[in-house]
Amino acid sequence: MRTLRIACFGFAVAMMTASSAHAVGESVGGFPNWRERTLHQFMNRARVDPASDLAACPSANCLEKSCYKAVAPLYYDLKLGRAARFHSDEMKQQGYFAHDSKCAIVSNISTIYPGQCSGAASCACMAGTATSWSARVQLFGTSTSGEIIASPTDPKQAFYLWLYEPTTVSTCGYTSQNGHRYNILQAGPAVGNGVTDAGSSVGDFGGTAGTYKIPSGSHYPQTGASVEMWANWKDQAGPSQAIVNVEGKCSTMSLKFGTAQSGAYLASLTGLGTSCQRYRFEFKDSSGAAVMFPETGAYFIGTGCASDKSDFSSSPPPSCGCTPSCGGKSCGDDGCGSVCGTCDEGLACTDGQCVAIPTDGNPDPIDVSASGCSCDLSQSSSPAAAQLATASMVLGLLLLRRLRKNPV
């Protein structure tokens, strides 16, 4: 039987870091993955309505639960996310469970992780005193106000192990007994979670608050006949539209936790099957302006759908109610605002098929668009294109002669 373990650490004051320039919700080098996004979403739905999520906490555990009031949702911080996943990896690779690292971490860990170093001692460690948890986070270019860790990999199991941790006191504020719950419901204003395959779950808090109206969204479980789709909304007014689009089939989401202005919205879907399916949250604010999450692309329902181990797709799902026209196509426009598929590196989409990019003896490949049209006139063999190129050259020579006769 596996022993479930949790641990937490926190400072009373949050420190600030620079915000990311990437589109909101998009995957950056595989960060975040589905588990990490789902932990983030679970945290946010609890923050906007602590009483609802703590209602099921065993009576002997959450004695101070009446102390928590609704607060702003957390925003994702990539640097915190990288620091958190590294800690999950180093604990797994080096066989321990604690906040502080087991060794002195090399100063360039942010540069070599994860591409050149998986967190193993052979590449992550150097001689010296073991690195503290807060110093480790600083190696990734940011500061932190708190950290929580738990042994389960499943996001729901880890989250409620944290949220429902037992305490024997009803005192409001941070204590050694309620630290996980307190960090989830009070720390911030941003978070980065780290969970690797067969690794422990880690949450690092700190960073800076964002402004995007959908700070988080995910689904649980990762795949199955019935899946819950969750997204948080934060604005001065509630959304005029709240839907989730799964491969062009759109479902209305309803407010479940919190208020219309700051709440968690839910749609429970059934009959999804086990294949990979793209989705995104498509809201509209009170003025009717569209707000998407992710801001670009889509997420996948299913496992093993993205090559970088995230659950992110660069192409969005088809428009709501539109039937894609992809008969016989492996790529290209689907007629619904998305694509029938994408081509691997070294291939280009021509007439709906992925074909090798010709080089014509030149190390730089010819630029071929999705429709198969090359806009490089020098490469064209059509008479009209040749005449146009010749005319352009003659016009250029005449203009050059005129400038030489009439210098300015």
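Predicted model only: the values in this text are computed from it and were never measured. (Residues numbered from 1 in each chain as written. Predicted model: local features only at pLDDT ≥ 70, side-chain atom pairs only at ≥ 80, totals over all residues. Heavy atoms only, no water.)

1. Here's the deal with the packing of helix α7 (residues 155-163) against helix α8 (residues 179-186)
Item 1. At their nearest, the axes of α7 and α8 sit 7 Å apart, and the two run at 105 degrees to each other. It follows from the interaxial angle that α7 and α8 lie roughly perpendicular. On the side of α7, the interface is formed by Phe 159, Trp 162 and Leu 163, while α8 contributes His 180, Arg 181, Ile 184 and Leu 185.
Item 2. A breakdown of the residues in the contact of α7 with α8 according to their chemical character gives 5 nonpolar, 1 polar and 1 charged. (Axes fitted to C-alpha atoms, helices over the stretch in contact; angles between N-to-C directions. Helix = DSSP H or I, 4+ residues; strand = E, 2+ residues; numbered from the N terminus. Parallel < 35°, antiparallel > 145°, perpendicular 65-115°, else oblique. Contact = heavy atoms within 4.5 Å. Nonpolar A, V, L, I, M, F, W, Y, C, P; charged D, E, K, R; others polar.)

2. Some words on the confidence of the model for the protein
Item 1. On average, the protein scores 86 in pLDDT, and the residues at 70 or more come to 84%.
Item 2. This model gives residues 12-20 a pLDDT under 50, and the stretch forms 17 contacts once residues within four places in sequence are excluded.
Item 3. For residues 361-408, every residue scores under 50 in pLDDT, and the model assigns this stretch 26 contacts once sequence neighbours within four places are set aside. (pLDDT = per-residue confidence, 0-100.)

3. Points about the packing of aromatic side chains
Item 1. According to the stated counting rule, one finds 16 aromatic pairs in the structure shown.
Item 2. Seen in terms of ring centroids, Phe 42 and Phe 159 are 5.7 Å apart; in terms of plane orientation they differ by 50 degrees. Their pairing is tilted. Taken together, the residues Phe 42 in helix α1 (residues 34-47) and Phe 159 in helix α7 connect sequence positions 117 residues apart. Accessibility assignment for this pair places Phe 42 and Phe 159 in one class, buried.
Item 3. Ring centres 5.7 Å apart and planes at 45 degrees place the aromatic pair Phe 86 and Phe 140 in the tilted group. Linking Phe 86 in helix α3 (residues 78-94) with Phe 140 in the loop between α6 (133-138) and β5 (144-150), this pair joins segments that are 54 residues apart in sequence.
Item 4. On the basis of relative accessible area, Phe 140 is assigned to the buried category, the value being 3%. (Phe/Tyr/Trp six-rings, centres within 6.5 Å; stacked < 30°, edge-to-face > 60°. Buried < 20%, exposed > 50% of the residue type's maximum accessible area, 1.4 Å probe, protein only.)

4. Details of the nonpolar core
Item 1. By size, the foremost hydrophobic cluster in this structure holds 26 residues, and its most contacted members are Met 43, Phe 159, Leu 163, Ile 184 and Phe 205.
Item 2. For this core, the elements supplying multiple residues, two or more each, are α1, β5, α7, α8 and β6 (190-195).
Item 3. When sequence neighbours within four positions are dropped, the list of residues in contact with Ile 184 reads Met 43, Arg 47, Ile 148, Phe 159, Trp 162, Leu 163 and Phe 205.
Item 4. The next biggest cluster of nonpolar side chains, apart from the first, holds 23 residues, and it includes Tyr 212, Val 246, Ala 267 and Phe 281. (Core = buried A, V, L, I, M, F, W, Y, C linked by side-chain atoms within 4.5 Å.)

5. Focus: unusual backbone geometry
Item 1. Here the residue pair Tyr 113 and Pro 114 is connected by a cis peptide bond, since its omega of 0 degrees sits within 30 degrees of zero.
Item 2. Position of Pro 114 relative to the elements: it lies in the loop between α4 (109-112) and α5 (121-124).
Item 3. For the bond running from Gly 188 to Pro 189, omega is 10 degrees, close enough to zero to count as cis.
Item 4. Its place among the elements puts Pro 189 in the loop between α8 and β6.

6. Some remarks on the sheet that holds strand β8 (residues 216-220)
Item 1. Reading across the sheet, the 4 strands line up as β8-β9-β13-β12 and stay open at both edges, with antiparallel pairing between neighbours. Looking along the sheet, the strands with just one partner apiece sit at the ends: β8 and β12 (254-258). Ignoring strand direction, the axes of neighbouring strands in this sheet form an average angle of 25 degrees.
Item 2. Where β8 meets strand β9 (residues 226-234), 5 bridges bridge the pair, whose relative direction is antiparallel. Looking across to β9, one finds that His 219 is bridged to Met 229. (Pairing = 2+ DSSP bridges.)

7. Observations regarding the pairing of β9
Item 1. Taking the residues between adjacent antiparallel strands as the criterion, β8 and β9 are bridged by 5 residues, where Gly 224 takes a positive phi near 155 degrees.
Item 2. Bridge analysis of β9 against strand β13 (residues 262-270) gives 9 bridges, and the strand direction is antiparallel. Within β13, the residue paired with Asn 232 across the bridge is Ala 264.

8. A short note on the side chain of Glu 90
Item 1. When you line up the elements, Glu 90 lands in helix α3.
Item 2. With relative accessibility at 0%, the residue Glu 90 sits in the buried group.
Item 3. At a separation of 2.8 Å, a polar atom in the side chain of Glu 90 contacts the side chain of Ser 101. (Polar contact = N/O pair within 3.5 Å; in protein donor to acceptor, adjacent residues only side chain to side chain.)

9. Concerning the pattern of salt bridges
Item 1. Counting across every chain of the model gives 11 salt bridges.
Item 2. Among the ionic pairs, Asp 197 bridges to Arg 35, the shortest N-O distance being 2.9 Å. Here Asp 197 is found in the loop between β6 and β7 (201-206), whereas its partner Arg 35 is found in helix α1, with 162 residues between them in sequence.
Item 3. Judged by relative accessible area, which is 47%, Asp 197 ranks as partly exposed. (Salt bridge = Lys/Arg side-chain N within 4 Å of Asp/Glu carboxyl O.)

10. A closer look at the state of the cysteines
Item 1. One pass over the structure, following the stated rule, counts 10 disulfides.
Item 2. Sulfur-sulfur distance for the disulfide between Cys 322 and Cys 336 comes to 1.8 Å. Here the disulfide of Cys 322 and Cys 336 is left-handed, its torsion about the S-S bond being about -75 degrees. Of this pair, Cys 322 sits in the loop between β17 (312-313) and β18 (347-350) while Cys 336 sits in the loop between β17 and β18, placing them 14 residues apart in sequence.
Item 3. Overall, Cys 322 belongs to the partly exposed group, its relative accessible area being 26%.
Item 4. The exposure class of Cys 336 is buried, given its relative accessible area of 3%.
Item 5. Covalently, Cys 331 is tied to Cys 349 through a disulfide, its sulfur atoms 2.1 Å apart. (Disulfide = S-S within 2.5 Å.)

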